[in-house]
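# Examination of the molecular architecture
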Amino acid sequence: MVIAERKECVAMLLAGGRGSRLKSLTEQIAKPAVTFGGKYKIIDFPLTNCVRSGIDTVGVMTQYQPLLLHDYIGKGQHWDLDLLHGGVSILPPHSKPGSTAWYSGTANAVYQNQNFIDTFAPEYVLILAGDHVYKMDYGIMLEYHKSVNADCTIAVIEVPIKDAHRFGIMNTDENDVITKFEEKPEEPKNNLASMGIYIFNWRELREYLYEDEKNPESTHDFGKDLIPAMLRDDKRMFAYRFNGYWKDVGTEESLWQANMDLLDDLHLGFEDWHILSRTAGRPPHYIAPTGSIKNTLITEGCEIYGSVENSILSVGVIVEEGAIVRDSVIMDNVRICKSAVVDYSILDENTVVAEGAQAGESRTDGGSLNVYPRHTIIEANKFMRRKDK
Amino acid sequence: MNAGLCLSDPHPDRAGDGSPIRTLSAAHYAGRYRLVDFMLSNMVNSKIFSIGMILNSHYQSLIGHIGMGKEWGLARKSGGVTFFPPYHADERKGVNNELDGPLQRAAEFLAESNVEYVVVADSSVVCNMDYRPAIDSHRKSGADVTAIYAKKHIISGERESAVVFDISEGGRITGVERASNSSETVNLSLGSYIMSKKTFITLTAGEKICGMLRFSRVLLADALERLTVLSYEFRGYSAHISSVETFFHYNMEMLDIEKQNTLFNFEGRRISTNRRDSLPTKYGKNAQIQNSLVADGCQIEGTLINSIVCRNVRIGAGAVVKNCILQDSTIVEKNASLDCIITDRQVVISENRGLMGYRTYPVYIERARVI
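Residues numbered from 1 in each chain as written. Chains lettered and ligands numbered in written order. Predicted model: local features only at pLDDT ≥ 70, side-chain atom pairs only at ≥ 80, totals over all residues. Heavy atoms only, no water.

### Description of the overall build of chain A
Helix and strand counts for chain A come out as 8 helices and 31 strands. Relative to its length of 389 residues, chain A is compact, with a C-alpha radius of gyration of 22 Å against a globular reference of 21 Å. With the principal axes as the frame, chain A shows a C-alpha extent of 65 × 50 × 45 Å. Expressed as a percentage of the 389 residues in chain A, the buried residues total 61%. Taking as baseline every contact in chain A between residues at least 6 positions apart, the subset at least 24 positions apart corresponds to 58%. Within the structure as shown, chain A displays about 16,000 Å² of accessible surface, and the carbon and sulfur contribution to it stands at 48%. Taking the 40 positively charged and 56 negatively charged side chains of chain A as two groups, their mean positions are separated by 3 Å. (Helix = DSSP H or I, 4+ residues; strand = E, 2+ residues; numbered from the N terminus. Rg over C-alpha atoms; globule rule 2.2 N^0.38 Å. Buried < 20%, exposed > 50% of the residue type's maximum accessible area, 1.4 Å probe, protein only. Contact = heavy atoms within 4.5 Å. Areas by Shrake-Rupley, 256 points an atom, 1.4 Å probe, with all protein chains shown as cover. Lys, Arg positive; Asp, Glu negative; His and termini not counted. Charge placed at Lys NZ, Arg CZ, Asp CG, Glu CD.)

### Examining the overall build of chain B
Secondary structure assignment for chain B yields 8 helices and 30 strands. For 371 residues, the compact-globule formula gives about 21 Å, and the C-alpha radius of gyration of chain B, at 21 Å, lands near that figure. Buried residues in chain B amount to 58% of all 371 residues. Residue pairs at least 24 apart in sequence account for 56% of intrachain contacts in chain B once pairs closer than 6 positions are excluded. Between the centroid of the 42 positive side chains of chain B and the centroid of its 40 negative side chains there is a distance of 5 Å.

### Considerations on the interface of chain A and chain B
The partner chain B presents 37 residues to the 38 residues of chain A that form the contact. At the boundary of chain A with chain B, total buried surface from both sides reaches about 3,100 Å², with 49% on carbon and sulfur atoms. A salt bridge links B:Asp296 to A:Lys39, with the nearest nitrogen and oxygen atoms 2.7 Å apart. Linking chain A with chain B are 22 residue pairs in polar contact (both at pLDDT 80 or more), by the criterion used here. Among the elements of the structure, β16 (285–287), β17 (292–294) and β18 (296–298) of chain A are those that each provide at least two residues to the side of chain A that touches chain B. Split into classes, the residues belonging to the side of chain A that touches chain B amount to 18 nonpolar, 13 polar and 7 charged. Note that β18(A) and strand β16 (residues 281–283) of chain B share 3 bridges and pair antiparallel. Bridged to A:Thr296 within β16(B) is B:Tyr283. (Buried area = accessible area lost by both parts, 1.4 Å probe. Salt bridge = Lys/Arg side-chain N within 4 Å of Asp/Glu carboxyl O. Polar contact = N/O pair within 3.5 Å; in protein donor to acceptor, adjacent residues only side chain to side chain. Nonpolar A, V, L, I, M, F, W, Y, C, P; charged D, E, K, R; others polar. Pairing = 2+ DSSP bridges.)

### Here's the deal with the pairing of strand β8 (residues 124–129) of chain A
Residues and elements named next belong to chain A. Taken across its 6 residues, β8 has 6 buried, putting it largely inside the fold. Bridge count between strand β1 (residues 9–14) and β8: 6 bridges; the pairing is parallel. In the sheet register, Val 10 faces β8, and the bridge partner there is Val 125. Bridge count for β8 against strand β13 (residues 192–201) is 4 bridges, and the pairing is antiparallel. Note that in β13 the partner of Val 125 across the bridge is Phe 200.

### Concerning the pairing of strand β10 (residues 152–158) of chain A
All names here are of chain A. β10 sits mainly inside the fold: 6 of its 7 residues count as buried. Direction of pairing for β10 relative to β13: antiparallel, over a ladder of 6 bridges. Paired with Ile 157 across the two strands is Ala 193, which belongs to β13. Where β10 lies against strand β14 (residues 237–241), 5 bridges are found, and the strand directions are parallel. Across the sheet, Cys 152 pairs through a bridge with Met 237, a residue of β14.

### What to know about the sheet that holds strand β29 (residues 354–356) of chain B
All names here are of chain B. Taken in spatial order, the 5 strands line up as β17-β20-β23-β26-β29 in an open sheet, and their pairing is parallel. Every other strand in the sheet has two partners, leaving β17 (288–290) and β29 as the edge strands with one partner each. Each adjacent strand pair in this sheet contributes to an overall mean axis angle of 5°, direction not counted. (Axes fitted to C-alpha atoms, helices over the stretch in contact; angles between N-to-C directions.)

### Considering the sheet that holds strand β27 (residues 341–343) of chain B
Taken in spatial order, the 11 strands of this open sheet run β31(A)-β28(A)-β25(A)-β22(A)-β19(A)-β16(A)-β18(B)-β21(B)-β24(B)-β27(B)-β30(B), and their pairing is mixed. For this open sheet the edge positions go to β31 (377–378) of chain A together with β30 (363–365) of chain B, each flanked by a neighbour on one side alone. Here strand β28 (residues 352–353) of chain A runs beside β31(A); their pairing, made up of 2 bridges, is parallel. Within the sheet, the bridge partner assigned to A:Val352 lies in β31(A) and is A:Ile377.

### Structural notes on the pattern of salt bridges
Counted according to the given criterion, the structure contains 36 salt bridges over all chains. Residues A:Lys235 and A:Glu204 are paired through a salt bridge, measuring 2.8 Å at the closest nitrogen-oxygen approach. Of this pair, A:Lys235 sits in the loop between α7 (222–232) and β14 while A:Glu204 sits in helix α6 (residues 202–214), and the two are 31 residues apart along the sequence. By relative accessible area, which is 27% here, A:Lys235 ends up partly exposed. The exposure class of A:Glu204 is buried, given its relative accessible area of 15%. The salt bridge partner of B:Asp328 is B:Arg311, with a shortest N-O separation of 3.4 Å. In this pair, B:Asp328 sits in the loop between β24 (325–326) and β25 (331–332) while B:Arg311 sits in the loop between β21 (308–309) and β22 (314–315), placing the two residues 17 residues apart along the sequence. Take B:Asp328 and B:Arg311: they sit in the same class, and that class is buried. Residues participating in the shared-partner salt-bridge network are A:Lys39, A:Glu300, B:Arg32 and B:Asp296.

### Section: the state of the cysteines
Under the defined criterion, the tally for this structure stands at 0 disulfides over all chains. Not engaged in a disulfide, the cysteine A:Cys9 finds its nearest cysteine sulfur in A:Cys50; these two sulfurs lie 8.2 Å apart. We classify A:Cys9 as buried; its relative accessible area is 8%. Here B:Cys6 is not disulfide-linked; the sulfur of B:Cys127 is the nearest cysteine sulfur, at 11 Å. (Disulfide = S-S within 2.5 Å.)

### Points about helix α7 (residues 244–253) of chain B
The periodicity of an α-helix, 3.6 residues per turn, causes residues three or four positions apart to be oriented the same way. Taken across its 10 residues, α7(B) has 8 buried, putting it largely inside the fold. Along α7(B), the residues classified as buried are B:Val244, B:Thr246, B:Phe247, B:Phe248, B:Tyr250, B:Asn251, B:Met252 and B:Glu253.

### Here we look at the nonpolar core
Counting residues in hydrophobic clusters, the biggest one holds 72 residues, and the most contacted among them are A:Met136 and A:Ile197. Once residues lying within four places of it in the same chain are set aside, the contact partners of A:Met136 are A:Asn49, A:Ser53, A:Met141, A:Ala155, A:Met195, A:Ile197, A:Tyr240, A:Phe242 and A:Trp273. Among the nonpolar cores identified, the runner-up in size contains 43 residues, and A:Ile304, A:Ala323, B:Val321 and B:Leu338 belong to it. (Core = buried A, V, L, I, M, F, W, Y, C linked by side-chain atoms within 4.5 Å.)

### Re unusual backbone geometry
Residue and element names in this part refer to chain B. Located in the positive-phi region is Asn 306, a residue other than glycine, with phi close to 45°. By the secondary structure assignment, Asn 306 is in the loop between β20 (303–305) and β21. Even without a glycine there, the phi angle at Ala 368 is positive, about 65°. Topologically, Ala 368 is positioned in the segment after β30.

Bear in mind that shape data such as this cannot, by itself, settle questions of function.
Right, dumping it as structure tokens:
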């Protein structure tokens, strides 16, 4: 193997999943390409974290609906990851002599890209998921991994015990050594949830990946197979506690809530660590004499003639005169026509709410969240409900 | 292959404390752009990828803004952006010595290239133009120079810098005039001239001074009898920013959304600028906004009327901002009030302060001033 330039740590970002709990929002795009916070994509968070953490080599493993994601990442220039050595590399599944294999699981995806990792001969490999909103310095986690001489370090966050059954839960001893890992336990004994962020020693990880491939029973998943196997072998597994904001945006409700959280606390940061992104480059937004804006995030290219409250507006949204938008997340290039009302909804890209039409139902009256797929036209007098699949 | 050459003039006005203002090409426009973005975008949109920037004074922020030209797709192996700053003609004679003409070096640069036509463009003019039809027309007509103009009224702050063409029936330019006091429509030069490389080199031979005004009023005017100079009309939105007053007037025109849309989306051509990934703008629960253009990264709690607000500006609760242009990172603290004020970057208006200018006399507050 020709080594281009040795890197201490290479990040491998799992971006191939559909995120089926996001339903219509991920019918045409992969979950990491879903718009968040008005001008970001979810993948901006791990990519920015890598750059800010001093990790300049990132392999992005794609599989499901990758067109938009590939285009978005480009050469990595928007994250300063267009480097001579390293930077961002897109790693789709590929054929090789004797096999043509899709990524059958998260561990298998890394297994299939071992040549990429070997190019940089790293000491450590950082495994990242592409479906969380958070700011984290992986460099500090790596220092921790080294200082405790771990075989594997897993980032964890405390969750309310009542929610613990939705997560992969770590049981640890007093030194944060992981003693047991339970995927979505019915009766959780602890509240330390895995954030899906792992650091491994590469040589060791590679051995486990080979073993895992040989096991016909394995689903080739880090959480379900690889980490339990390492625990069985009494490897040194440590939990790394993270205290900042971290939100899984894997469901429609959590995506809506994570957007709304920005109105209370704009945790995307300022000059020191703001989230890097490929922005559209549209003119500033315009608010007309008839417009009214309360407690809202608005970004470039929007034109507001109506009233907007407690909402997030993405690039190029037009709210016409007399229209009302409340408690909603509006994606790129949506048009809300005259006197239309949008309540407690997610409107995906290029949706049109026709004149006088109603989208969603009032949150204060106990309505539930409605999600409208991209390119939907919502007409007046046809109160559309989401089709549950 | 065609090349572009951007010229502009130094800012003729001074800020409130008498300090010079950055060169006109680097002046802000419509909340997130610099004037030079328009000509760079126009050239790239016209497939002109080899662009020279003739620099005059206070050009630090201009160079910083353009960099390698990455945002315009100009960080390339062939072509790209080349800067031509003024040198001292003879270093040994010290700093007060005459400047060596960047135009001469641009001419040498062009002479060595395989460039066919040169578009000389005033980079303090705002418009969204495709040069290709004008270049085609120039080629077919056999003219020495094709000058682009618009039929426009002159506004009051524009008289000093306006270049007005006399155009004969055949479209030939027969005179280069100053603006009169009448309110009639005139043939206003947009400062864009198309010519062959050879004509450019002849026209600028020995020329040391590098401003756009001199190029139009002296070089071109003197050549009208020797050369065939034809006119080419541009019908889209255009604005020439040449002073604090015109800066204020034409920025405020962007509050007319029709004008804004014709400028930024004309025939599908986009204007590019340096992107900094500011956060979306956050409006508080008591924000009152009317007829304003607001860039990203702002936090607005107070009242904003008929104003243009650039990136990362904060307006505190109870503050009232009317008819203002607030440039990057201006902070207006609680209960302050501003009317017809232009703040340069990083200005701070402290709590309860009140400042007022007038529409034809906006007050320009210099960079990083704390009031």
